[in-house]
Protein chains: 2
Amino acid sequence: MTHLIDGVGILAAMLTTLSFLPQAILVLRTRKTDGISLTMYAMFTAGVAGWLAYGLMSGALPVILANAVTLVLASIILGLKIQSVVQIRKPGLTARAAA
Amino acid sequence: MTHLIDGVGILAAMLTTLSFLPQAILVLRTRKTDGISLTMYAMFTAGVAGWLAYGLMSGALPVILANAVTLVLASIILGLKIQSVVQIRKPGLTARAAA
């Protein structure tokens, strides 16, 4: 039973961790981020950094590994989202400054 | 030190769990899902269901609670993404059938 529980946990960790890979690839390829919530990725990235800190403080290697991978992927998505928000706001600011 | 580690873990869990709320609200309000990866939400929702099963099997209440909330939010996002993919594909099929 313990093996089954561990197996389910490992499978779940792999799925939730690696799920951010197709999202990061999609955003990198299309640069389309308007459907993506900035608030979500700001909160999520901060939360994953917190999980990584928790793993490092408690010496839990699986927590460290899973969250280190997720932190890289979530940071890529967050970075590209911030970039697109800044790019959208810039022309507006210029137009207002010119008006 | 244990209190600090627990505190960091609880804060991290709250951030990663609740981060899906603004994303679910954004998708419900705008119905814009083209920037969202279907593969990500399919993998992520399956993974969170796995975490919930892991929590139930091992009797870990925090794991059960956090993943039950995330499962609801991720399922809403996945459901709306599937709905938009089906709607995009339908007119194409009709056009091809009519041609």
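Computed from a predicted model, the values in this text were never measured in an experiment.

A. Highlighting the pattern of salt bridges. Applying the stated criterion to the full structure yields two salt bridges over all chains. With a shortest N-O distance of 3.4 Å, D34(B) and K32(A) are connected by a salt bridge. Here D34(B) is found in the loop between α2 (20-30) and α3 (38-58), whereas its partner K32(A) is found in the loop between α2 (20-30) and α3 (38-58) on a different chain. Among the residues examined, D34(B) registers a relative accessible area of 38% and is labelled partly exposed.

B. Layout of the nonpolar core. Ranked by size, the top nonpolar core spans 26 residues in total, and within it F20(A), Y41(A), I77(A), F20(B), Y41(B) and I77(B) carry the most contacts. For this core, the elements supplying multiple residues, two or more each, are α2, α3 and α4 (61-98) of chain A together with α2, α3 and α4 (61-98) of chain B.

C. Structural context of unusual backbone geometry. All names here are of chain A. At R31, a position not held by glycine, the phi torsion is positive, near 60°. The residue R31 is located in the loop between α2 and α3 in this model. Exposure remark for R31: the relative accessible area of 49% places this residue in the partly exposed category.

D. Quick look at the packing of aromatic side chains. Scanning all chains against the criterion turns up eight aromatic pairs over all chains. For the ring pair F20(A) and Y41(A), a centre distance of 6.4 Å and an interplane angle of 90° mean the geometry is edge-to-face. Of the two residues, F20(A) is situated in helix α2 and Y41(A) in helix α3; the sequence distance between them amounts to 21 residues. Relative accessible area serves as the criterion here: at 1%, Y41(A) is assigned to the buried category. Plain terms: the ring middles of W51(B) and Y54(B) are 5.6 Å apart, the flat faces sit at 90° to each other, and that makes the pair edge-to-face.

E. Layout of α3(B). All names here are of chain B. Between its terminal C-alpha atoms α3 stretches 30 Å, which fits the 30 Å expected from 21 residues at 1.5 Å a residue. Taken residue by residue, α3 has M40, Y41, F44, T45, G47, V48, G50, L52 and G55 as its buried positions. At the N-terminal boundary of α3, the capping side chain belongs to S37, with an oxygen 3.4 Å from the backbone nitrogen of T39. Positive phi appears at G59, one or two residues downstream of α3, with a value of about 65°.

F. Up close: the interface of chain B and chain A. With 34 residues of chain B at the interface, the matching set in chain A holds 34 residues. Taken together, the two surfaces of chain B and chain A that pack against each other cover about 3000 Å², and 77% of this comes from carbon and sulfur. Of all residues in chain B, M40(B), M43(B) and M57(B) bury the most surface against chain A, accounting for 18% of the area lost on that side. One can count two salt bridges joining chain B with chain A. For the pair chain B and chain A, the number of links is eight residue pairs in polar contact (both at pLDDT 80 or more). Looking at the side of chain B that touches chain A, the elements that each hand over two or more residues are α1 (2-18), α2 and α3 of chain B. Here the side of chain B that touches chain A takes 14 residues from α3(B), the largest share from any one element.

G. Local environment of the environment of P62(A). Within the fold, P62(A) resides in helix α4. Between the alpha carbons of P62(A) and M43(A) there is a distance of 22 Å; along the sequence they are 19 residues apart.

H. Main features of the relation of the copies chain B and chain A. Its rotation angle being 180°, the transformation that places chain B on chain A also includes 0.0 Å of axial translation and leaves an RMSD of 0.0 Å. Within this description, the copies of the chain are treated as partners about a two-fold rotation axis. The C-alpha atom lying nearest the rotation axis in chain B is that of G35(B); the distance is 2.4 Å. A share of 100% of the interface residues of chain B reappears at the interface of chain A, consistent with the copies meeting face to face through the same patch.

I. Local environment of the environment of S37(B). Tracing the backbone through its elements, the reader meets S37(B) in the loop between α2 and α3. Classification of S37(B) as buried rests on a relative accessible area of 6%. When the C-alpha positions of S37(B) and I82(B) are compared, they lie 10 Å apart, and in sequence the two are 45 residues distant. Setting aside anything within four residues of it in sequence, one finds S37(B) in contact with P22(A), Q23(A) and L26(A).

What counts, and where the lines are drawn
- Residues numbered from 1 in each chain as written.
- Chains lettered and ligands numbered in written order.
- Predicted model: local features only at pLDDT ≥ 70, side-chain atom pairs only at ≥ 80, totals over all residues.
- Heavy atoms only, no water.
- Salt bridge = Lys/Arg side-chain N within 4 Å of Asp/Glu carboxyl O.
- Helix = DSSP H or I, 4+ residues; strand = E, 2+ residues; numbered from the N terminus.
- Buried < 20%, exposed > 50% of the residue type's maximum accessible area, 1.4 Å probe, protein only.
- Core = buried A, V, L, I, M, F, W, Y, C linked by side-chain atoms within 4.5 Å.
- Phe/Tyr/Trp six-rings, centres within 6.5 Å; stacked < 30°, edge-to-face > 60°.
- Expected span 1.5 Å × (residues − 1).
- Polar contact = N/O pair within 3.5 Å; in protein donor to acceptor, adjacent residues only side chain to side chain.
- Contact = heavy atoms within 4.5 Å.
- Buried area = accessible area lost by both parts, 1.4 Å probe.
- Least-squares fit on C-alpha atoms with pLDDT ≥ 70 in both.

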